[in-house]
Amino acid sequence: MNYFKKPAFLMAMMVSLAFASCNSEDPVPENDEELITDVTLRFTEVDATGNAIGTPFEFVASDPQGVELGDPTIETVELTKGKSYQMEIFLYNSIEDEDITEEVQEEADEHQFYFLGTAFVGSPVLTYTYDDENGEIIGLKGQVEVAEFPGFNNASMRIILRHDLDKNYPGADNPNFENYTQAGGETDLDLTFPLVLN
């Protein structure tokens, strides 16, 4: 009996071949997370009306492989009790020579920073307010106020950048939103700077 002349047998063979072609060589979904090798926090002291009155100073976290992939060098942030600062965040990919700050700004509706750690939550020693251009809520630029009489002088500044989140989710506009994952999206950056108050 010649099985190859039977239509049912031929159909079964075709289906088997189709399933066999679906193997591990299928393309892996692309990871859209930004590669960031350098994170710079720039602080400028401001007066009660928000005008700059001091010389800017910076603290940097960096890793040539990417701060999320390697073991980054992270400088300790030093601020003064009772002072107010403008804080700007700059992101850079030295591997591709790419300004990630600009990309985040251009995709403002898809990105947002959250500020956690002992510096901002619990018994916070820092208060953060978004102050981005055009009223956007991103966190590339904001106001930081340091408690005049903090309960402690050492804390941690955890800075998280989320991508493709629902900015209309209840609570998502709070810079210290501890349940930020509930707004969806992916994490592009999750980095903790040590903080010392002088």
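Everything discussed here concerns the structure shown above.
The numbering scheme is per chain: residues are counted from 1 as the chain's sequence reads. Reporting in this predicted model follows two pLDDT cut-offs: at least 70 for local features of residues, and 80 or more for side-chain atom pairs to be given and counted; totals over whole chains, interfaces and linings ignore these cut-offs and use all residues. Here the side-chain values reflect all heavy atoms present in the structure, with hydrogen atoms and water set aside.

### A short note on the overall build of the chain
In this description a helix means any DSSP run of H or I spanning at least four residues, a strand means any run of E spanning at least two, and both kinds are numbered starting from the N terminus. Counting its regular elements, the chain contains two helices and eleven strands. Evaluated residue by residue, the chain yields a buried proportion of 37% over its 198 residues. Any pair of residues with heavy atoms lying within 4.5 Å of one another is described as a contacting pair. For the chain, long-range pairs separated by at least 24 residues make up 69% of all intrachain contacts whose partners lie at least 6 apart in sequence. Entry remark: accessible area of the chain is about 11,400 Å², with carbon and sulfur atoms responsible for 49%. A simple rule labels every residue: compare its accessible area, found with a 1.4 Å probe on the protein chains alone, to the largest value its type can have, and call it buried under 20%, exposed over 50%, or partly exposed in between. Using a 1.4 Å probe, accessible areas were evaluated by the Shrake-Rupley method; residue-level cover was limited to the displayed protein chains.

### Remarks on the pattern of salt bridges
What counts as a salt bridge is simple: a side-chain nitrogen of Lys or Arg found within 4 Å of a carboxyl oxygen of Asp or Glu. Tallying each qualifying case throughout the model produces four salt bridges. Of the charged contacts, one joins aspartate 190 and arginine 158 as a salt bridge, the two residues approaching to 2.7 Å between their closest N and O atoms. Here aspartate 190, found in strand 11 (residues 186-197), pairs with arginine 158, found in strand 10 (residues 154-163); they are 32 residues apart in sequence, far enough to count as distant. Under the relative-accessibility criterion, arginine 158 is labelled partly exposed at 26%.

### Section: the sheet that holds strand 10
When DSSP finds at least two bridges between two strands, those strands are taken to pair. One open sheet holds the four strands; their spatial order is 4-11-10-7, and the pairing between them is mixed. Looking at strand neighbours, the two that pair on one side only are strand 4 (77-79) and strand 7 (111-116), the edges of this open sheet. Between one strand axis and the next, the sheet turns by 30° as a mean value, whatever way the strands run. Across six bridges, the pairing between strand 7 and strand 10 is antiparallel. For helices, the axis comes from a line fit to the C-alpha atoms of the stretch in contact; other axes are also lines fit to C-alpha atoms, and the angle between any two N-to-C directions lies between 0 and 180 degrees.

### Comments concerning the side chain of glutamine 86
The topology assignment puts glutamine 86 in strand 5 (residues 84-93). Residue classification places glutamine 86 among the buried positions, given a relative accessible area of 17%. Setting aside residues no more than four positions away along its own chain, glutamine 86 makes contact with Arg42, Phe43, Thr44, Val46, Lys141, Gly142 and Gln143.

### Observations regarding the packing of aromatic side chains
Each Phe, Tyr or Trp ring, with Trp reduced to its six-membered ring, pairs with another whose centre is within 6.5 Å; inter-plane angles below 30 degrees give stacked pairs, above 60 give edge-to-face pairs, and intermediate values give tilted ones. Counted by the stated rule, this structure contains twelve aromatic pairs. Within the aromatic cluster, the residues linked to one another by ring pairs are Phe113, Phe115, Phe120, Tyr128 and Tyr130.

### Considerations on the nonpolar core
The nonpolar core is taken to be a set of buried Ala, Val, Leu, Ile, Met, Phe, Trp, Tyr and Cys residues, with the residues joined through side-chain atoms within 4.5 Å. If you look at the biggest cluster of nonpolar residues, it comprises 45 residues, and the most contacted ones within it are Val39, Leu91, Leu126, Met157 and Leu195. Among all residues touching leucine 195, those that are not within four sequence positions of it are Thr76, Val77, Leu79, Ala119, Val125, Leu126, Asn153, Asn154, Ala155 and Met157.

### Things to note about unusual backbone geometry
Of note, the phi angle at aspartate 97 is positive, near 50°, even though the residue is not glycine. Structurally, aspartate 97 is set in the loop between strand 5 and strand 6 (98-99). In the Ramachandran plot, asparagine 134 falls in the positive-phi region, its phi being about 60° despite a non-glycine side chain. When you line up the elements, asparagine 134 lands in the loop between strand 8 (126-130) and strand 9 (141-146). For asparagine 134, a relative accessible area of 78% puts it in the exposed group.

### Digging into a negative patch on the surface
Each patch is built from salt-bridge-free residues with over 30% relative accessible area, joining like charges within 9 Å and nonpolar side chains (Val, Leu, Ile, Met, Phe, Trp, Tyr) within 5 Å. Residues scored as positive are Lys and Arg, those scored as negative are Asp and Glu, and His as well as the terminal groups of each chain are ignored. Taken as the charge location is NZ of Lys, CZ of Arg, CG of Asp or CD of Glu. A grouping of Asp109, Glu136, Asp164 and Glu186 is seen on the molecular surface, where their side chains present a negatively charged patch. Among the secondary structure elements, aspartate 109 is positioned in the loop between helix 2 (100-106) and strand 7. Looking at aspartate 109, the relative accessible area reads 56%, which means it is exposed.

### Examining the pairing of strand 9
Of all six residues in strand 9, five are buried; the element is thus mostly enclosed. With five bridges connecting them, strand 5 and strand 9 associate as antiparallel partners. What sits directly across from tyrosine 85, in strand 9, is valine 144. The pairing of strand 8 with strand 9 spans five bridges and is classified as antiparallel. Each residue of the ladder has a partner; that of tyrosine 128, found in strand 9, is valine 144.

### What to know about the pairing of strand 2 (residues 57-62)
In terms of strand pairing, strand 1 (residues 38-46) meets strand 2 through six bridges, oriented antiparallel. Across the sheet, residue phenylalanine 43 finds its bridge partner in strand 2, namely phenylalanine 57. By the bridge criterion, two bridges tie strand 2 to strand 3 (residues 73-74) in an arrangement that is antiparallel. Following the sheet pairing, alanine 61 is matched in strand 3 by isoleucine 74.

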